[in-house]
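Residues per chain are reported as follows:
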Amino acid sequence: MAKNYYEVLGVDRKATKDDIKKAFRKLAQKHHPDKGGDESTFKEITEAYSILGDDKRRREYDAYGESFAGGAGPSAAGGFDFSNFAGFQGGAGGVEFDLGDLFGEFGDIFGGARGNSRRQRRGRDISIDVEITFKESVMGSKRSVLITKIGTCEVCSGTGAKPGTAMEVCATCAGAGQIRETRSSPFGSFTSVRACPTCDGVGKVPKEKCANCGGHGILRKEEEVKLDIPKGMDDGEMIRMPGRGEAVKGGVPGDLYVKVHVKAHPVFRKEGANIVMDLPVKLTDALLGTTVSVTTIDDKVLEVKVPAMAKPEETLRLRGKGIAYEGGAGDLLIHAKASLPKKLSAKAKKAIEELKGEGL
């Protein structure tokens, strides 16, 4: 029974070419055999994209429907005809499928790039979690953390060569940095390109290997990373540090992502650029007014006047005492809340009864 290529890629029949490319890329990354995926599933995905990714063949498939793949379409003599499809070459042994030529910008998925030019290799991104205090999140801070990752060898500076020795052309890939591997498929030869394992994609190998890293130019090690945590960080925010991820020989390191977790403060909380706190005041102070001392997040003591006849949740605003940002700062918002006593003495009850008689 013929396959429904739209269902294979998980797209609608009205999907755009860009939608089809995105769907293929996502599925290819998940199911590629070199990444531990199922080879038969990957072949099915590739077959679907080879049809729907080409405007002419997609029109033919839409026109002939299920009979297209069964041999009743324009290429009935042998199923669908690959002779005019980019990336396929006919031959006595079948068809050669060059992933780099066929998928262009998706070449990095398959370990290589299109044509003779290679994209620069990139190390793996890594992430860490850091917990900071509320005060640090408001005022910013500097931290040093020790992480274990793959980094550049300091002895050979990443070349993999013993200091003072030269590099020579890799015999495995003849200096290309890539090797081609061919597998059998229902359509003939299935050829993929990946980085040469001997030279790690560099194209050259050291005459004498570095004793510290064994000639790899990289090794797993501990590294101290200095973090500059900016002012106003929120819980769960991420800091990106370009080039501080894992190293890769002959390429550029990945990035380090720092996820910030902010400890809750017993007094303060944030609302945008403002810092908010609750200030309990006695009922008599709320009625008659008072002045109280408030310690701010930066440990400064301020005298705050609570006006007489304060409302149940009077908000007092201290401008510029919140979170600093470019061009200004937020405010400190103090919610004055009248607190009721847990119990009353006989004298207090009598006084309140008198107030009740006054209509209060």
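Our subject in this report is the structure included herewith. (Residues numbered from 1 in each chain as written. Predicted model: local features only at pLDDT ≥ 70, side-chain atom pairs only at ≥ 80, totals over all residues. Heavy atoms only, no water.)

1. A closer look at the packing of helix α2 (residues 17–31) against helix α3 (residues 39–52)
The condition that has to hold: Here an axis means a line fitted to C-alpha atoms, over the contact stretch when the element is a helix, while the angle between two N-to-C directions is reported on a 0 to 180 degree scale. Counting from the N terminus, the helices are DSSP H or I runs at least four residues long and the strands are E runs at least two residues long. Working definition: roughly parallel below 35 degrees, roughly antiparallel above 145 degrees, roughly perpendicular at 65 to 115 degrees, and oblique for all remaining angles. A crossing counts as left-handed when the near helix is turned anticlockwise from the far one by less than a right angle, and as right-handed when that turn is clockwise. Contact definition: two residues touch when any of their heavy atoms are within 4.5 Å. Classes in brief: Ala, Val, Leu, Ile, Met, Phe, Trp, Tyr, Cys and Pro nonpolar; Asp, Glu, Lys and Arg charged; the others, Gly included, polar.
Running from N to C, α2 and α3 cross one another at 165°; their axes reach a closest spacing of 10 Å. One element, α2, and the other, α3, form an angle in the roughly antiparallel class. For the pair α2 and α3, the sense of crossing is left-handed. Contact with α2, carried on its side by Ile-20, Lys-21, Phe-24, Leu-27, Ala-28 and His-31, involves Thr-41, Phe-42, Ile-45, Thr-46, Tyr-49 and Leu-52 of α3 and no other residues of that element. Looking at the contact of α2 with α3 residue by residue, the class counts come to 8 nonpolar, 3 polar and 1 charged.

2. Details of the sheet that holds strand β3 (residues 126–132)
Which entries qualify depends on this criterion: Criterion used throughout: strands pair if DSSP finds at least two bridges between them.
Judged by pairing direction, the sheet is mixed, and its 3 strands sit side by side in the order β3-β11-β10 without closing on themselves. Single-partner strands in this sheet number two, and they are β3 and β10 (238–241). For this sheet the average axis-to-axis angle between neighbouring strands, irrespective of direction, equals 25°. Examined bridge by bridge, β3 and strand β11 (residues 256–262) share 7 bridges and lie parallel to one another. Along β11, the bridge assignment pairs Ile-126 with Leu-256.

3. A closer look at the sheet that holds strand β12 (residues 268–271)
The strands making up a sheet associate through hydrogen bonds between their backbones, and the pairing can be parallel or antiparallel. Overall, mixed pairing links the 4 strands, which are arranged β12-β13-β19-β16 in an open sheet. Unpaired on one side and paired on the other, β12 and β16 (313–318) mark the two borders of the sheet. If you compare each strand with its neighbour and ignore which way they point, the axes differ by 30° on average. Judged from the 6 bridges that link them, β16 and strand β19 (residues 332–339) form a sheet pairing that is antiparallel. Paired with Arg-317 across the two strands is Leu-333, which belongs to β19.

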